[in-house]
Amino acid sequence: MDKLIISGGVALDGEIRISGAKNAALPILMGALLADSAVRIGNVPHLHDITTTLELLGRMGVTLTVDERSGVVIDPTTLTDTEAAYDLVKTMRASILVLGPLLAKYGKADVSLPGGCAIGSRPVDLHLRGLQQMGADIRVENGYIRATSGKGLKGAHIFMDQVTVTGTENLMMAATLAQGTTTIENAAREPEVVDLANYLNQMGAKISGIGTATLVIEGVKSLSGTKYQILPDRIETGTYLVAAALTRGRVKLKDTDANQLESVLLKLEEAGASISVGDDWISLDMHGNRPKAVNIRTAPYPAFPTDMQAQFTALNSIAEGQATIVETVFENRFMHVQEMQRMGANLQIEGNTVVCKGRDYLTGAPVMATDLRASACLVLAALVAEGETVVERIYHIDRGYECIEEKLQQLGAKIRRIPSSARSDNV
Ligand SMILES: CC(=O)N[C@H]1[C@@H](OP(=O)(O)OP(=O)(O)OC[C@H]2O[C@@H](n3ccc(=O)[nH]c3=O)[C@H](O)[C@@H]2O)O[C@H](CO)[C@@H](O)[C@@H]1O
Ligand SMILES: C=C(OP(=O)(O)O)C(=O)O
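Small disclaimer: the values here were computed from a predicted structure and weren't measured. Throughout this description, residue numbers start from 1 for each chain and increase along the sequence as written. Here every chain gets a letter starting at A, and every ligand a number starting at 1, in the order they are written. Selection of residues for local features in this predicted model requires a pLDDT of at least 70, selection of side-chain atom pairs for listing and counting requires 80 or more, and totals for whole chains, interfaces and linings are taken over all residues.

Another point: the overall build of the chain. By the criteria applied, helices consist of DSSP H or I runs no shorter than four residues and strands consist of E runs no shorter than two, each listed in order from the N terminus. A tally of helices and strands in the chain yields 14 helices and 24 strands. The quantity called the radius of gyration is restricted to C-alpha atoms. Its globule counterpart is 2.2 Å times the number of residues to the power 0.38. The C-alpha radius of gyration computed for the chain amounts to 22 Å, which stays within 12% of the reference 22 Å derived for 427 residues, consistent with globular compactness. In terms of overall dimensions, the chain has a C-alpha envelope of 65 × 45 × 40 Å along the principal axes. Across the 427 residues of the chain, 51% fall into the buried class. The exposure scheme places C-beta atoms from the backbone and then counts, for each residue, the other C-beta atoms within 10 Å of its own, assigning buried at 20 or more, exposed at 12 or fewer, and partly exposed in between.

Laid out in structure tokens, this is it:
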């Protein structure tokens with residue numbers, strides 16, 4: 001397994017480009033299953049989860065063409081199989097997003113249950129309940145969701161007990177080809193859900209209420225291929241902004257969108273950052289100052305994103321003052337805290353809250369990445385820590401950050417990857 005070795009102490013300074021959003025690319029690639037002809041998707045990030053998605057689609061018999069410049073072309077008309085097997089689903093929970101499209105278009109899907117996850121139990125009951133309300137017959141056997149839709153799905157009035165991003169996406173995709181109208185109440189409003197809805201409408205779907213908590217989807221007979229560009233990754237953007245803030249540096253991030261990041265930018269300004277934004281860029285400057293600790297409470301969009309919680313834990317651990325971080329979306333998303341304590345951070349977990357007392361400095365240590373954003377938190381902490389930090393199990397980070405070490409190097413960070421094959425015993 002690859003490792004990252006980071007020597008802390010450099011104030012980041014420079015410009016980088018932000019990649020396409022992982023959490024928009026995944027449903028959009030899987031949404032291609034709904035079309036009657038090929039789709040071409042641009043700004044697809046080079047990530048492990050994207051490779052997994054393409055493998056998932058490829059195993060179903062879908063024809064894929066990947067081109068550096070023009071993007072990914074997906075021709076679903078060659079599909080021969082409607083199964084998503086455990087060996088892929090266990091490495092990427094978002095595989096569950098094939099369920100809605102397969103059921104709507106092919107009337108059948110066998111999708112492995114994703115199982116638990118480092119950040120919480122993450123059940124998919126609301127996905128299944130919504131599909132059942134649309135007339136699907138669903139059984140769970142041998143760890144698989146076995147679903148059929150007989151003569152087709154029917155429009156339904158669905159109230160989501162809890163705001164769920166992939167749940168909303170799955171049901172919205174299923175509803176595009178259902179007979180009649182589906183209403184999804186208490187729908188997720190995340191920018192990635194909006195991007196998926198815009199893409200589906202471009203394919204011929206009739207979705208209204210996009211970006212609100214009530215989505216109305218009028219079923220159509222068929223969807224056709226289209227060309228679509230994935231929106232920028234707001235979480236990658238936020239992560240590099242925090243990296244600059246905690247190293248007391250400055251960055252300009254290009255090909256991104258400040259409109260999706262209001263809650264995060266507000267917190268960075270509260271921490272003492274000067275922020276400027278343009279149509280497709282954001283810059284941050286700490287003017288060499290230490291950040292101030294900020295209180296955070298995660299919640300569904302447009303509130304503060306849970307996917308930025310760990311990065312702000314890193315910021316608070318070296319900030320001036322004391323603050324609390326409250327996690328309300330996932331029950332166990334503090335796996336980074338223990339590793340941070342090993343780097344000298346003064347963090348205490350009390351239920352779903354972390355009390356952070358900012359330290360003047362952190363110290364480098366060997367640490368273990370446990371999930372995607374926990375890994376990002378450890379990399380950020382390592383950028384300010386005295387001495388060297390070795391981050392193990394970085395396959396988690398490769399799920400969500402394109403070329404992380406190259407981008408950080410471009411900003412001046414001392415970071416290098418040790419591929420598992422190149423490792424000697426004493427590295
Ligand atoms: C691929 C993708 O887009 N992943 C994002 C998506 O994950 P994901 O869509 O899996 O997360 P959800 O929005 O579904 O989860 C929110 C909460 O709802 C609960 N829940 C969800 C579904 C369900 O059927 N039953 C249930 O109880 C979950 O356990 C969790 O506590 O949104 C999360 C919350 O913004 C982000 O952290 C993830 O990065
Ligand atoms: C939790 C995340 O992703 P996933 O839902 O794919 O696990 C994330 O992107 O932070």
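Here the narrative resumes.
Right, let's get into the site of ligand 1. We count a residue as near a molecule or strand when its backbone-placed C-beta atom lies within 6 Å of that partner. Taken together, 21 residues sit near ligand 1, with Asn23, Leu126, Thr164, Val165 and Thr166 positioned nearest. For the shell around ligand 1, the secondary-structure elements that each account for two or more residues are helix 1 (22-31), helix 5 (125-133) and helix 6 (165-176). Split into classes, the residues belonging to the shell around ligand 1 amount to eight nonpolar, eight polar and five charged. Where each domain begins and ends is defined by an automated method or by a domain database. Taken together, domain 1 (3-19 + 232-418) and domain 2 (22-229) each give at least three residues to the shell around ligand 1, which thus spans both. Ten residues, namely Ala, Val, Leu, Ile, Met, Phe, Trp, Tyr, Cys and Pro, are considered nonpolar, four, namely Asp, Glu, Lys and Arg, are considered charged, and the remaining ones, Gly among them, are considered polar.

With that out of the way, let us pick up the pairing of strand 1 (residues 3-7). Only one face of strand 1 is covered, namely the face carrying Leu4 and Ile6; the face carrying Lys3, Ile5 and Ser7 is uncovered. Here strand 1 runs beside strand 24 (residues 414-418); their pairing, made up of five bridges, is antiparallel. Residue pairing across strands places Ile6 opposite Ile415, the latter belonging to strand 24. Taken together, the four bridges between strand 1 and strand 23 (residues 388-392) define a ladder with antiparallel strand orientation. What sits directly across from Ile6, in strand 23, is Thr389. Criterion used throughout: strands pair if DSSP finds at least two bridges between them.

Moving on to the site of ligand 2. The local shell around ligand 2 consists of Asn23, Arg93, Ala94, Asp307, Leu372, Arg373 and Gly400. The residue makeup of the shell around ligand 2, split by class, is two nonpolar, two polar and three charged. Mapped onto the domain boundaries, the shell around ligand 2 takes at least three residues apiece from domain 1 (3-19 + 232-418) and domain 2 (22-229).

Note on scores: pLDDT gives the predictor's confidence for each residue, bounded by 0 and 100. Confidence along the chain averages 96 in pLDDT terms, with 99% of residues attaining 70 or more. Every residue in residues 423-427 is under pLDDT 50, and counting partners more than four places away or in other chains gives two contacts. Overall fold confidence for the complex sits at a pTM of 0.97, while the interface term, ipTM, reaches 0.99. Our contact criterion uses C-beta atoms placed from the backbone: two residues qualify when those atoms are within 7 Å.

Further remarks concern the domain arrangement of the chain. Domain parsing of the chain yields domain 1 (3-19 + 232-418) and domain 2 (22-229). Using C-alpha coordinates to define each centre, domain 1 is positioned 30 Å away from domain 2. The interface of domain 1 with domain 2 comprises 19 residues on the first partner and 14 residues on the second. Among the residues forming the side of domain 1 that touches domain 2, the class breakdown is six nonpolar, five polar and eight charged.

Moving on to the UniProt feature "active site" (unreviewed entry) in the chain. UniProt positions are given in the numbering used here, feature names are shortened, and annotations may be inferred rather than shown by experiment. As annotated by UniProt and renumbered to match this structure, "active site" (unreviewed entry) occupies Cys117. Summarising the element assignment, Cys117 is placed in the loop between strand 7 (108-112) and helix 5. A count of 14 C-beta atoms within 10 Å places Cys117 in the partly exposed class. Apart from the residues within four sequence positions on either side, Cys117 is in contact with Arg93 and Arg122.

With that out of the way, let us pick up the sheet that holds strand 4 (residues 63-67). Judged by pairing direction, the sheet is mixed, and its four strands sit side by side in the order 4-5-3-14 without closing on themselves. The strands lining the two open edges of the sheet, one partner per strand, are strand 4 and strand 14 (227-229). Taking each pair of neighbouring strands and ignoring which way they run, the sheet shows an average axis angle of 15°. The pairing of strand 3 (residues 39-42) with strand 14 spans three bridges and is classified as parallel. If you follow Arg40 over to strand 14, its bridge partner there is Lys227. A fitted line through C-alpha atoms serves as each axis, taken over the contacting stretch for helices, and the angle formed by two N-to-C directions is quoted from 0 to 180°.

Bringing the environment of Asp137 into the picture now. Of note, Asp137 is situated in strand 8 (residues 137-141). Sequence separation between Asp137 and Ser149 is 12 residues, and the spatial gap between their C-alpha atoms is 6.1 Å.

Here we take up the UniProt feature "binding site: phosphoenolpyruvate" (unreviewed entry) in the chain. Summarizing the sequence annotation, UniProt attributes the feature "binding site: phosphoenolpyruvate" (unreviewed entry) to Lys22 and Asn23 in the numbering used throughout. The topology assignment puts Lys22 in helix 1. The residues touching Lys22, leaving out its near neighbours within four places in the chain, are Pro45, Leu47, Asp49, Asp233 and Gly400. With respect to the helices and strands, Asn23 occurs in helix 1. Classification of Asn23 by C-beta neighbours within 10 Å gives buried; the count is 25.

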